[in-house]
Structure formats: C-alpha cells, structure tokens
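As a plain string of letters, each chain reads:
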Amino acid sequence: MEVIILKDADEVAEGGARRVCALIRQNRNAVLGLATGTTPVAMYGKLISACRIGEISFSEVTTFNLDEYLGLAPDHPQSYRSFMQRQLFEHIDIDTDNTYLPTCRAGTDPETVCRLYEEQIKSVGGIDMQILGIGSNGHIGFNEPMSSLASRTRVKTLSEHTVADNSRLFEPNEYQPSLAITMGVATIMEARRILLLATGPHKARAVREMIEGSVTSRCPASALQLHQRVTVLLDEAAGSELESQGYYKRAHEQNTELLGASNF
Ligand code: F6R
C-alpha cells in the first residue's frame, strides 16, 4: 500500500485527478470505478476542468459506481445517479450509456440487479482503477463493519453510524433510505488499481485502522492491505493518527525521486 500524506484537501484532489488523467491518457477505453460522497467532489471538479481544456476525454471511458440507495428512483435528487450527473457526468464528454450504477428500478428484483452488475463489470474486462472514500467507521462502498471480506455486489443494511453521518445530505423531514446496493469487498478487490482518498480529522481513526490495524471485517477497508496496487492519498488531518507518518513521507519522497512525478 502506497500511503501519501499531502498538505490539504486541495492537494489530495489534485493528486487524485492527476492519477485518473494519467490512466485515461494511457488508455482511452479505461474502466473507472467511482464513488459518491463529499471526498471525491473536488477531484471531480479538477477532472471536469481537465476535460474542458482538452487534456483528457471521457468519450471512450466506462464507469461503474460503487453503490446506490435502494428505494430511490434514479431521477430522485438524492439518488447517487443524480449526484453523479450533477458532480461529474453532465460536465464531461462521457456517453451516459457507459455510466453504470447498481440501480434497482421499481418492480425489479434487487438480487437480479446485483448479479447483473457483477456480470456487466466482467463483460468490460474489469475495473482498471477504483476510486474509494472511507467511512468514519471504516466502510468502503457500503460494506459496513462486519461485512464479509469475500462479499460480492449485494443489498446491505446501512449502519446507524452511516445513516447518521449521511443525514447531513438530507433535509430534516426528508425520507433517508437505510438500504443500498453496494459492490462487495471482493468485487472492489478485483479492480486492477485502487485509489483511496481521505480528508479531515474525522477520518483519522478509520485511516489508521485501515493502514496499520489488523485485517478484519471490523474495518472493511483493512482488506485493502491484501491488494497489490493501492494508493492512499491523505491530507495531514486524515493521516494524523498514523504511527509511521515519517516513514510514509520518506518513502514517498524516495519513490518520487526514483520514478519521477510521471509515476501514477
Ligand atoms: C460512496 C461510498 C462511501 C463513501 C464514504 C465516505 O459511494 O461508497 O463509502 O466513500 O462514506 O463518504 P464522504 O466522502 O462523504 O466522507
């Protein structure tokens, strides 16, 4: 796991965008795994700018989002489909037909949606780079603590912790779903590369458990220790509880010296 501690959230967004741009420049047909939530929004803003000035094109890119609420229509303003439209898709040159979320439309069997999602990911050859955030309880996607590390795309009950964390995004009397369809931990682990972003002091504990704790379903993100190509971009606050901060900083400096800034 490559752990990179940067000054602030803007540097995290910049570092994330640089890596995604490098991937797309290398492979116009890249398959990207995407996340919602607050963390990747600034990075999406930088990708939008890069696309506008012609630095990259999403015209041949395919995307798969990690998760979607169950019980919200795709055009509901709080659905993750709407979120992605607002934060990224409607500002770039992507073909919306190539943007996938595990959406369960009314009258559709959720298990069929989950099975199909796994098949769709396989049919395009798998995910080249999966973008992740991390929940303050250590979840990735909506794989809450105690999720099987062998899990595949499925329906998950959100933890009280997550419902409370996400309540900030809903109006006080608005219906907030407590079920979602999420890629499983094993689905995420099949991505060829993983890029996890975390910012803010409220992520510091989960980040420490993910990187320096034991591999355990209590912190689903800790499964990433078993993946061969994970880059974690942190701001100072999110990295503040790591014991080996000095080591990660030195290793990053040396890697940059050896491999150059072009390394992504
Ligand atoms: C989002 C997702 C979640 C978030 C996590 C962090 O699609 O799957 O795992 O990445 O809850 O959310 P923020 O970025 O809002 O702190």
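This text gives an overview of the structure that appears in the document. (Residues numbered from 1 in each chain as written. Predicted model: local features only at pLDDT ≥ 70, side-chain atom pairs only at ≥ 80, totals over all residues. Heavy atoms only, no water.)

### Notes on the sheet that holds strand β1 (residues 2-6)
Applicable threshold: In this description, strands pair whenever DSSP reports at least two bridges between them. Secondary structure elements are taken from DSSP: a helix is a run of H or I of four residues or more, a strand is a run of E of two residues or more, and numbering for both begins at the N terminus. Contacts: residue pairs with any heavy atoms within 4.5 Å of one another. Axis definition: a line fitted to C-alpha atoms, limited for helices to the stretch in contact. Angles are taken between N-to-C directions and run from 0 to 180 degrees.
The strand order across the open sheet built from seven strands is β1-β10-β9-β6-β2-β3-β5, with neighbouring strands paired in parallel fashion. Of all the strands in the sheet, the pair left with one neighbour each is β1 and β5 (99-100). Here five bridges tie β1 to strand β10 (residues 230-235), and the two strands are oriented parallel to one another. Pairing of Ile5 across the sheet is with Leu234, part of β10. Contacting β1, β9 (193-198) and β10, helix α7 (residues 204-212) runs over the sheet at an angle of about 150° to β10.

### Points about the nonpolar core
Note the following rule: Each nonpolar core is a collection of buried residues, namely Ala, Val, Leu, Ile, Met, Phe, Trp, Tyr and Cys, held together in the definition by side-chain atoms within 4.5 Å. Throughout, exposure labels follow a simple rule: accessible area from a 1.4 Å probe, protein chains only, divided by the maximum for the residue type, with under 20% read as buried, over 50% as exposed, and the rest as partly exposed.
Judged by nonpolar contacts, the single largest core of 40 residues is most densely connected at Val20, Leu32, Leu34, Met43, Leu47, Phe58 and Leu88. The dominant element in this core, judged by the number of residues it contributes, is helix α1 (residues 9-26), at seven residues. Membership of the second largest hydrophobic core comes to 31 residues, among which are Phe64, Ile134, Leu196 and Val207.

### Structural notes on the pattern of salt bridges
Threshold: For this document, the term salt bridge refers to a Lys or Arg side-chain nitrogen within 4 Å of an Asp or Glu carboxyl oxygen.
Scanning all chains against the criterion turns up eleven salt bridges. Two residues, Lys7 and Glu11, come together in a salt bridge whose shortest N-O distance is 3.8 Å. By relative accessible area, which is 31% here, Glu11 ends up partly exposed. One connected set of salt bridges, linked through shared partners, spans Lys7, Asp8 and Glu11.

### Quick look at the site of the ligand
For clarity, the cut-off: If a single non-hydrogen atom of a residue is within 4 Å of a molecule or strand, that residue counts as near it. In protein, a polar contact means a hydrogen-donor-capable atom and an acceptor-capable atom, both N or O and within 3.5 Å, with residues adjacent in sequence counting only if both atoms are side-chain atoms; elsewhere, any N or O pair within 3.5 Å suffices. The residue classification treats Ala, Val, Leu, Ile, Met, Phe, Trp, Tyr, Cys and Pro as nonpolar and Asp, Glu, Lys and Arg as charged. All others, Gly included, are polar.
Surveying the vicinity of the ligand reveals 14 residues, the closest of which are Thr39, Asp67, His139, Gly141 and Lys203. Side-chain polar atom of Asp67 to an oxygen atom of the ligand: 2.5 Å apart, as the coordinates give it. Interatomic distance of 3.0 Å between a side-chain N/O atom of Arg168 and an oxygen atom of the ligand. Along the lines of polarity and charge, the residues of the shell around the ligand split into three nonpolar, eight polar and three charged.

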